[in-house]
Amino acid sequence: FLETTAYFCMKPKMGEKEVSPHSFFSIWHEFSSDFKDFWKKENKLILQERVKEAEEVCRQKKGKSLYNIRPKHDSGIVSKICSNT
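Residues numbered from 1 in each chain as written. Predicted model: local features only at pLDDT ≥ 70, side-chain atom pairs only at ≥ 80, totals over all residues. Heavy atoms only, no water.

- Going by an unreviewed UniProt entry, the protein carries the name FMN2 protein and comes from Prunella himalayana.

Okay, structure coming up:
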């Protein structure tokens, strides 16, 4: 615990010799809850962006046909019979 408080440069409050776990974890709790809230908001924004991108890709794919329709060329028996008469 003392190494952790030293790593984060925590100093004891006035009148105390060492950093108490209560003071350290009260600050840590505030930080972690704020971080969690920001994390959730950021993930929600990223998810919304990805949904918009996916919808755009779907719209683009719907706009394009998956196959090409070529005009029919008269090369069958019926066309040969009709052209001879």
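That shown, we press on.
### Side note on the overall build of the protein
- On a plain count of helices and strands, the protein comes out with 3 helices and 0 strands.
- Mapped from its N terminus to its C terminus, the protein presents α and β elements in the order α-α-α.
- Here the protein has roughly 8,800 Å² of accessible surface; of this, 60% comes from carbon and sulfur atoms. (Helix = DSSP H or I, 4+ residues; strand = E, 2+ residues; numbered from the N terminus. Areas by Shrake-Rupley, 256 points an atom, 1.4 Å probe, with all protein chains shown as cover.)

### Points about the side chain of Thr-5
- With respect to the element layout, Thr-5 can be found in helix H1 (residues 2–7).
- On the accessibility criterion, Thr-5 (4% relative accessible area) is buried.
- Residues contacting Thr-5, with those up to four places away along its chain left out, are Met-10, Val-19 and Phe-24. (Buried < 20%, exposed > 50% of the residue type's maximum accessible area, 1.4 Å probe, protein only. Contact = heavy atoms within 4.5 Å.)

### Description of the pattern of salt bridges
- A complete count under the given rule lists 2 salt bridges for this structure.
- Here Glu-55 makes a salt bridge to Arg-59, at a shortest N to O gap of 3.9 Å. Residue Glu-55 and its partner Arg-59 are located together in helix H2 (residues 21–63), separated by 4 residues, close to a single helical turn.
- The exposure class assigned to Glu-55 is partly exposed, which follows from its relative accessible area of 40%.
- Between Arg-59 and Glu-56 there is a salt bridge whose closest N-O contact spans 2.9 Å. (Salt bridge = Lys/Arg side-chain N within 4 Å of Asp/Glu carboxyl O.)

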